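Understanding the architecture of this molecule
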Amino acid sequence: MRILICGGAGYIGSNMTAMLLAAGLEPVVFDNLSKGYKEAIGKAEFVKGDLADYELLVKTLKKYEIEVVMHFAALIEVGESMQQPLRYYKNNVSNTQTLLSAMESVGVEKFVFSSSAAVYGIPQKIPITEDAPKKPINPYGETKLAVEKMCHYQSCAGKLSYAALRYFNAAGAGNNCQLGEAHQPESHLIPLIIEAALGKRSEIKIYGADYPTPDGTCVRDYIHIEDLCSAHLLALEKLGGNRELIYNLGNETGYSVKEVIETVKMVSGRDFKVATVERRIGDPPVLLADATKAKKELGWKTKLAELEEIVYTAWQWHDKHPDGYL
């Protein structure tokens, strides 16, 4: 089976590509390399291109006789989305519409979409189930929800069979710790803390320590990158007889910012400065997944569920690659 991996040179996309190769499938990476790294895609076929390029997408889908498309090519920075909303709507929504149009024109119907827990906004109940109200509080979350709706109506029209997988906090390094996070600039908590442990930043900031949580800091659900990717494989198998699949992907266990900091200190054996500053606007106190549906319907199981295990893989990669893929 040939699968087009849009954004396949990025963090999640490259890990997905490695897993598909290991499973004997044929991934074709489509990436403009604005955020990703060609060094991360291994032996997969590679096409340098942008999702705004309709003609190139059609050409690529035809040339490689693509059967399924997986989409990881979104902009993902919440804060940036508040500052540049139009850029996020262009990349995350308009470009995805171009991709779906190209797929429709050549008859490719199967689609796996990288969605986000950001579609829920500030949840009314914890843990969060898939039928919880969708009330995004930033353009990033709004764009993810807009694509989900676009997929839904395309499916209703009989032109798409899709899975929307709502990630909580993807973390760790996959493929035997060979594929880690290398965002520029970095904004995810675990790699930021690791950078402090490596001496690459002078301190790590805790944005608010007065939340209604056990230690006052925000609690999040971290899921190892390989567990995340394994759910995509299972969703791909289930797409055959289903038009619409929607799942939360999380560990169903929450860890606070302070707990993550202490875990990085323990795993790395290094100390570093921690500063508590004011809260950021819009940070929910707790985000925790209810992944019962994915476990029941897909038979999905997480293998690296403990925070220490997740941090260990991330540390192994960052310690050996202090400058990422550069």
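Residues numbered from 1 in each chain as written. Predicted model: local features only at pLDDT ≥ 70, side-chain atom pairs only at ≥ 80, totals over all residues. Heavy atoms only, no water.

This part covers the layout of surface pockets. Estimates place the volume of the second largest pocket at around 190 Å³. Contributing to the lining of the second largest pocket are 16 residues, with Gln-184, Glu-195, Lys-200, Pro-322 and Gly-324 lying nearest its centre. Tallied by class, the residues present in the lining of the second largest pocket amount to 5 nonpolar, 5 polar and 6 charged. (1 Å grid on protein atoms, 1.4 Å probe; cavity = no way out; pocket = protein on both sides within 12 Å on 5 of 7 lines; lining within 4 Å. Points joined across faces, edges and corners; volume = space filled by probe spheres on them. Nonpolar A, V, L, I, M, F, W, Y, C, P; charged D, E, K, R; others polar.)

Moving on to empty space enclosed by the protein. Counted according to the given criterion, the structure contains 2 cavities of 30 Å³ or more. In terms of lining, the largest cavity is formed by Tyr-120, Ile-122, Pro-123, Gln-124, Lys-125, Ile-128, Ala-132, Pro-133 and Lys-135. For the lining of the largest cavity, the per-class residue count stands at 6 nonpolar, 1 polar and 2 charged. Lining the second largest cavity we find Gly-172, Ala-173, Gly-180, Glu-181, Ile-190, Pro-191, Ala-314 and His-318. Elements with a contribution of two residues or more to the lining of the second largest cavity: α6 (189-197) and α10 (307-320). Split by residue class, the lining of the second largest cavity holds 4 nonpolar, 3 polar and 1 charged. (Helix = DSSP H or I, 4+ residues; strand = E, 2+ residues; numbered from the N terminus.)

What follows is about the sheet that holds strand β3 (residues 45-48). If you trace the 7 strands from one edge of the open sheet to the other, you get β3-β2-β1-β4-β5-β6-β10, paired in parallel fashion. Because the sheet does not close on itself, it has two edges, and the strands there are β3 and β10 (244-249). Ignoring strand direction, the axes of neighbouring strands in this sheet form an average angle of 20 degrees. Looking at chain direction, strand β6 (residues 161-167) and β10 are connected through 6 bridges and run parallel. Residue Ala-163 lies in a different strand from β10, and its bridge partner there is Leu-245. (Pairing = 2+ DSSP bridges. Axes fitted to C-alpha atoms, helices over the stretch in contact; angles between N-to-C directions.)

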